[in-house]
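Okay, here's what each chain looks like letter by letter:
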Amino acid sequence: MSSSPADPGSSGSHQSLTGDDALHAQEQEGYSKGLTPRQIHMIAIGSSIGTGLFLGAGGGLADAGPTLFILYAVAGFFGYLILRQLGELVVHRPSSGSFVSYTREFYGEKAAYFVGWMYWLSWASTTVVDATAMAIYVKWFGQYSTFIDELPQWVLAGAVLIIVMITNLISVKVFGEMEFWFALIKVSALVIFLVVGVCFVIFGTPTGAPTGFHLIRESGGMLPHGILAALVVSQGVVFAYAGIELVGITAGGTRNPERQIPRAINTVILRIALFYVGSVLLLCLLLPYTAYSADESPFVTFFSSIGVDYIGPIMQLVVITAALSSLNAGLYSTGRIVHSMAMAGSAPKFTGKMTRAGVPYGGILLTVLVGGLGVVLNYWVPEEAFSIVLNISAIGIIVGWAAITMPHQRFVAQARRGLQRRPAYRAPLAPYTNWLTMLFLVGVLVLVALDYPLGTWTVASMGVVIPVLIIGWFAVRGRVRRLAAEREGYTGAYPVIVQTPGTEDQGTISTLP
């Protein structure tokens, strides 16, 4: 349970249930319930399909070979387990603070502070990456337009960031509608490829080029570069699924989340099998893995091989859509995560501010500020801006997923002792799948550290980040304790002042409106 005011960082102490309820109510207060079931389901789909597939699959195939589709299946399996665990926690208690709020409930304020800021750092870094990627993708059209070609990269990055920020600040309905159409474009592109690809495998390509499983056998088998190359690539595969946890954060923006969120999560395993595993396997059956590269979308590579050159601009627009979707989701999620932290006192006060439309604008603006630093990077070092911040988000993603499975494990443990009641919607085989998931995440972290030089330096950078977070905790813990003390005795929307022993004859219990 949450920690007490006397020791907000202790995971072993127990704050009163009424204090927990007060914080949970504060987290949800003011949010607009503007997301519809249609939008929730498409957000669940879109959050698991990003540039990692549309762009990253090409480099993954070149480095690891056909075994890439198995790596996507394994990572997707653990992604599904994590979502099922998050889904059970959402049914237990919906919260826009999502896993940060659950970490606070089961591990205390210190853990929630660390998880929240690491997750924010991850998405803030991703904001820089996405703004930079968007500028690069738009500049690609410079070959068709002199005007676009002459635009500086930093101008494009800044314009994209401002546009997405404005749409996020308007209302949650605008965010939901944007994500709906972004997801629809990505899914439509993949469905078209799957249909066309399957027909070509069965009936042959227009050029008469060979297709089928023999391409895998003749190109060196499943592991043409060995198991080590595949393991190194696997950490990049995991990050292709970054953002799947967004569906849990939408719980505070939808009516009846206890019903809608599980329904959206239940379809994830089918999407993973179809879009990720199916697409990558199909790519291997259409061309030898050696035909793909990190410099081009594998879908563009395939269609270009059969003479459909105009697919390049179309697929580039789809990739732009995927990057826009990621940037849009990043601002949405960080705004709500930081708002939850502000309610507990571990984030600046202004990040707890809400607009009349129920949008936590303070947290969104904080993330945009960091994104603005990315625009500066694009001005000074446009060639290096992407790689400088790409791996910074990696650790935050691992921390965020661990902050789902570990609170869920403790929730299940408390339920076994009769302290909690598990809902009908449950993660399978818990707590064993919780420990299996943690083992998987630790393995990914080790692989990141072994990926010299970028991955190694990313892990080493935690030697700077963690001391900064420790200093920050000592700076905010006084406010955290004060707010926790104020929440003691809270019993709902209208707090009740409980009489102390021996004062019963002084009147009835009073209520404050």
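This text goes with the structure placed above it.
The present account deals with the structure reproduced in this document. This one's a predicted model, so the numbers in the text were calculated from it and none came from an experiment.

Let's talk about helix α4 (residues 56–64)
Restricting attention to buried positions, one finds in α4 the residues Ala 57, Gly 58, Gly 59, Gly 60, Leu 61 and Ala 64. Summarising the contacts, the buried residues of α4 are in contact with α3 (51–54), α5 (68–92), α12 (227–240), α15 (268–286) and α16 (298–305). Downstream of α4 by one or two residues, Gly 65 has phi in the positive range, about 85°.

Observations regarding the pattern of salt bridges
All chains considered together, the criterion is met by 3 salt bridges. In this structure, Glu 88 engages Arg 422 in a salt bridge whose closest nitrogen and oxygen atoms are separated by 2.7 Å. With Glu 88 in helix α5 and Arg 422 in the loop between α20 (392–416) and α21 (432–450), this residue pair connects regions lying 334 residues apart in the sequence. Classification of Arg 422 by relative accessible area gives buried; the value is 17%. The partner of Glu 105 in a salt bridge is Arg 93, and the shortest N-O contact between them spans 2.8 Å. Residue Glu 105 is located in helix α6 (residues 98–107), and its partner Arg 93 is located in the loop between α5 and α6; the two are separated by 12 residues in the primary sequence. Accessibility expressed as a relative area gives 4% for Glu 105, which makes it buried.

Some details on a nonpolar patch on the surface
Together, Leu 223, Ile 227, Leu 228, Leu 231 and Val 232 give the surface a local cluster of nonpolar side chains, amounting to about 440 Å² of exposed area. Looking at the element boundaries, Leu 228 is found in helix α12. With relative accessibility at 63%, the residue Leu 228 sits in the exposed group.

A closer look at the packing of α12 against α21
Between α12 and α21, the shortest axis-to-axis distance is 9 Å and the interhelical angle comes to 115°. In this structure, α12 meets α21 at a crossing whose hand is left-handed. Taking contact as the criterion, the partners of Leu 231, Ser 234, Gln 235, Val 238 and Phe 239 in α12 are, on α21, Phe 440, Val 444, Leu 447 and Val 448. Here the contact of α12 with α21 is built from residues that sort into 7 nonpolar, 2 polar and no charged.

Brief notes about the environment of Gly 362
Its location among the elements puts Gly 362 in helix α18 (residues 361–380). When its relative accessible area of 0% is taken as the criterion, Gly 362 is described as buried. Linking Gly 362 and His 339, residues 23 residues apart in sequence, is a C-alpha distance of 7.6 Å. Excluding residues within four positions of it along the chain, Gly 362 makes contact with Phe 350, Thr 351 and Lys 353.

Rules used in this analysis
Residues numbered from 1 in each chain as written. Predicted model: local features only at pLDDT ≥ 70, side-chain atom pairs only at ≥ 80, totals over all residues. Heavy atoms only, no water. Buried < 20%, exposed > 50% of the residue type's maximum accessible area, 1.4 Å probe, protein only. Helix = DSSP H or I, 4+ residues; strand = E, 2+ residues; numbered from the N terminus. Contact = heavy atoms within 4.5 Å. Salt bridge = Lys/Arg side-chain N within 4 Å of Asp/Glu carboxyl O. Patch = residues over 30% accessible without salt bridge, like charges linked within 9 Å, V, L, I, M, F, W, Y side chains within 5 Å. Areas by Shrake-Rupley, 256 points an atom, 1.4 Å probe, with all protein chains shown as cover. Axes fitted to C-alpha atoms, helices over the stretch in contact; angles between N-to-C directions. Left-handed = near helix turned anticlockwise from the far one by under 90°. Nonpolar A, V, L, I, M, F, W, Y, C, P; charged D, E, K, R; others polar.

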